[in-house]
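Listed below are the residues making up each chain.
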Amino acid sequence: MSGTPNSPIYSSTRAAVGLHSDQDAEPAYRRIVVKAGTNVLAGGNSRDGVDTEVMASLVDQMARLADSGGGQLVLVTSGAIAAGRQALAERVAVPAVPDIPTRQVLAALGQSRLMSTYTGMFEQHGVVVSQVLLTIKDLAQRQAYLNIKNTLLSLLDLGIIPILNENDVVAADEIGEVFGDNDRLSSLIATLIDADLLVILSDVDGLYTADPKSDPTATRIDTVDFVDDRVIAMAGEHRNAWARGGMPTKLDAARLVTTSGIAMSICRGRDPDVVVRAARGEPVGTFFRPASSKLEARKRWMLSCVGDGAWGQVVVDDGAVSALRRNGVSLLPAGVQSVVGNFERGDIIYICDSSGFHVACGIANYSNSAVDRIRGIRSDRIVETLGYHYGQEVVHRNNLVLL
């Protein structure tokens, strides 16, 4: 069943595009980002540290893909805090749910151990790896974004697998409950390098119609055509205090990458050869269809900057929503109903409908205080109201991305 904004957005069969037979070892996707979270690497219990058997299986699969068909792979991994806890527990008692400063200590202690393990495992396959530690704010600045992109692409061209993790030592907000377990980082990296596929490894085998742990009638959805609020509503809450992700953050990642024209798969990380099978286009987990065309790089950067919640949003009326979606026009002040949050001219903001659904994002021509003063008025009254003029639009169509 094909998905549109006004129709069911999931189906029970996978798209035929890009599928390969079981006998064909050639990957269907060339540039692949793989994300492995705490629940996969630590088996749902980081008190025991990371599971080296799981890590070895993941490394083996990625090495095989890198060796076949000239594939390029990036690994976004969690597990530093789990590895640090395992090391520190040999010396002192660690609280079951440590506070943020303790988690930062664990991350600092565990990151080198985690990287050392990966390096040794990949070396056994003749694969060279590199370490990249990032925070979301590193990707929010245009120049830093381009520098990171150039570095990652250069590493891939050299046949090196970059291993990325959030820099939890400095990103205290992301250690808490605010941010996902590298789910969003993996989606940002996928859009940054213009990947073909993002594989998110989880402790479940995909998206279900309800929480399968509490609802025995829940069924897995094989293919999602369009990520909207009805799909988001299917995600249950995450119960693991150590894992910061859960299905909601994975669906946020899916919305970002599919909008950018990148396919995504959520699958069980401990299933045999799951990464290889996903790379071949085989039906594993839940597959999220990409948009038909890829966004240009500047628009992908705009998409990558809005999700951290640092900037604000404008709420627009139904007429503005319709005009944006159907006609691809700029957002004028007449269609703005209200302003939420703080932002400056040049910041990237969300454009939402009256129910709070994200319709688009774009670069603001005016600050939040200025937009609040000109909302609802005609564009020819901007100078009269503000005493200055940065254009007739709140967001120009050339700086706007529909979601």
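Let me sum up the structure you'll find in this document.

1. Let's talk about the pairing of strand β12 (residues 348–352)
Line of reasoning, step 1. A large share of β12 lies buried, amounting to five of its five residues.
Line of reasoning, step 2. The alternating pattern of β12 places Ile348, Tyr350 and Cys352 and Ile349 and Ile351 on opposite faces, both of which are buried.
Line of reasoning, step 3. When strand β10 (residues 313–316) meets β12, the two strands line up parallel, connected through three bridges. Bridge pairing links valine 315 to cysteine 352 in β12.

2. Some thoughts on the packing of helix α2 (residues 52–67) against helix α4 (residues 100–123)
Line of reasoning, step 1. Two elements in contact, α2 and α4, have axes separated by 10 Å at closest approach and are oriented at 45 degrees. It follows from the interaxial angle that α2 and α4 lie oblique. α2 and α4 meet at a crossing whose hand is right-handed. Together, Thr52, Met55, Ala56, Leu58, Val59 and Met62 of α2 and Leu114, Thr117, Tyr118, Met121 and Phe122 of α4 make up the contact between the two elements.
Line of reasoning, step 2. In the contact of α2 with α4, the residues fall into nine nonpolar, two polar and no charged.

3. What about the side chain of lysine 35?
Line of reasoning, step 1. You can see lysine 35 is positioned in strand β2 (residues 31–36).
Line of reasoning, step 2. For lysine 35, the side chain forms a polar contact with the side chain of aspartate 183, separated by 2.9 Å.

4. Re helix α8 (residues 183–192)
Line of reasoning, step 1. The buried fraction of α8 is high, at 10 of 10 residues.
Line of reasoning, step 2. Looking at the residues trailing α8, positive phi occurs at aspartate 194, about 60 degrees.

5. Things to note about the nonpolar core
For soluble globular proteins, nonpolar side chains are generally found buried alongside one another.
Line of reasoning, step 1. Counting residues in each nonpolar core, the largest one holds 50 residues, and the members touching the most others are Val33, Leu152, Ile189, Ile193 and Met264.
Line of reasoning, step 2. Listed in part, the 40 residues of the second largest apolar core include Tyr118, Leu201, Ala278 and Phe287.

6. So, the packing of aromatic side chains
Line of reasoning, step 1. Throughout the structure, instances matching the rule amount to three aromatic pairs.
Line of reasoning, step 2. Arranged with centres 6.5 Å apart and planes meeting at 35 degrees, the rings of tyrosine 366 and tyrosine 388 form a pair that is tilted. Residue tyrosine 366 is found in the loop between β13 (358–363) and α14 (368–374), and its partner tyrosine 388 is found in the loop between α15 (382–386) and β14 (400–402); the two are separated by 22 residues along the sequence.
Line of reasoning, step 3. The exposure class assigned to tyrosine 366 is buried, which follows from its relative accessible area of 0%.
Line of reasoning, step 4. One aromatic cluster is present, built from ring pairs that chain together Tyr366, Tyr388 and Tyr390.
Line of reasoning, step 5. The cationic tip of arginine 345 hangs over the ring face of tyrosine 390; the distance from NZ or CZ to the ring centre is 4.0 Å.

7. Section: the pattern of salt bridges
Line of reasoning, step 1. For the coordinates displayed, the defined rule picks out 14 salt bridges.
Line of reasoning, step 2. The residue arginine 268 makes a salt bridge to aspartate 205 at a minimum N-O spacing of 3.6 Å. On the criterion of sequence distance, the pair formed by arginine 268 in strand β8 (residues 263–268) and aspartate 205 in the loop between β6 (197–202) and β7 (223–224) is long-range, its members being 63 residues apart.
Line of reasoning, step 3. What makes arginine 268 partly exposed here is its relative accessible area of 31%.
Line of reasoning, step 4. Here arginine 280 makes a salt bridge to glutamate 282, at a shortest N to O gap of 3.7 Å.

8. Some details on the sheet that holds strand β11 (residues 336–340)
Line of reasoning, step 1. Spatial ordering of the open sheet is given by β11-β10-β12-β13-β14, a layout of five strands whose pairing is mixed. The sheet is open, and its two borders are formed by β11 and β14, each paired with just one other strand. For this sheet, the mean inter-axis angle between neighbouring strands, taken without regard to orientation, is 25 degrees.

9. So, the packing of α8 against helix α10 (residues 247–259)
Any two packed helices are characterised by how steeply their axes cross, that is the angle between the axes, and by the distance between the axes.
Line of reasoning, step 1. One can describe the packing of α8 onto α10 by two numbers: an axis separation of 8 Å at closest approach and a directional angle of 10 degrees. By the angle class used here, α8 and α10 are roughly parallel. Contacts between α8 and α10 pair Asp183, Arg184, Ser187, Leu188, Ala190 and Thr191 from the former with Thr249, Lys250, Ala253, Leu256 and Val257 from the latter.
Line of reasoning, step 2. Residue classes in the contact of α8 with α10 are distributed as five nonpolar, three polar and three charged.

Calculation rules
- Once a new chain begins, its residue numbering starts again from 1 and follows that chain's sequence as written.
- At least 70 in pLDDT is required for a residue's local features to be given in this predicted model, at least 80 for side-chain atom pairs to be given and counted, and no such filter applies to totals for whole chains, interfaces and linings, which use all residues.
- Note that water and hydrogens are dropped before the side-chain values are worked out from all heavy atoms of the structure.
- Throughout, exposure labels follow a simple rule: accessible area from a 1.4 Å probe, protein chains only, divided by the maximum for the residue type, with under 20% read as buried, over 50% as exposed, and the rest as partly exposed.
- We count a stretch as a helix when DSSP gives it H or I for four or more residues in a row; a strand needs E for two or more, and each element gets its number in order from the N terminus.
- Here, any two strands with at least 2 DSSP bridges between them count as paired.
- Fitted lines through C-alpha atoms give the axes, limited to the stretch in contact for helices. The angle between two N-to-C directions lies from 0 to 180 degrees.
- Any angle that falls under 35 degrees is termed roughly parallel, while one over 145 is termed roughly antiparallel, one within 65 to 115 roughly perpendicular, and all others oblique.
- Each crossing is labelled by how the near helix is turned from the far one, with a counterclockwise turn of less than a right angle marking it left-handed and a clockwise turn marking it right-handed.
- Here a residue-residue contact requires only that any non-hydrogen atoms of the pair lie within 4.5 Å.
- Here the term charged refers only to Asp, Glu, Lys and Arg, the term nonpolar to Ala, Val, Leu, Ile, Met, Phe, Trp, Tyr, Cys and Pro, and the term polar to all other amino acids, Gly among them.
- For this analysis, a polar contact is any N or O atom pair within 3.5 Å, provided that within protein one partner can donate a hydrogen and the other can accept it, and provided that sequence-adjacent residues contribute only side-chain to side-chain pairs.
- Each nonpolar core is a collection of buried residues, namely Ala, Val, Leu, Ile, Met, Phe, Trp, Tyr and Cys, held together in the definition by side-chain atoms within 4.5 Å.
- Pairing of aromatic rings covers Phe, Tyr and Trp, the last through its six-membered ring, and needs centres within 6.5 Å; plane angles under 30 degrees mean stacked, over 60 mean edge-to-face, and all others mean tilted.
- Put simply, a charge is over a ring when the Lys NZ or the Arg CZ is close to the ring centre, within 6 Å, and near the line of the ring normal, within 35 degrees.
- Salt bridges are counted wherever a side-chain nitrogen of Lys or Arg sits within 4 Å of a carboxyl oxygen of Asp or Glu.

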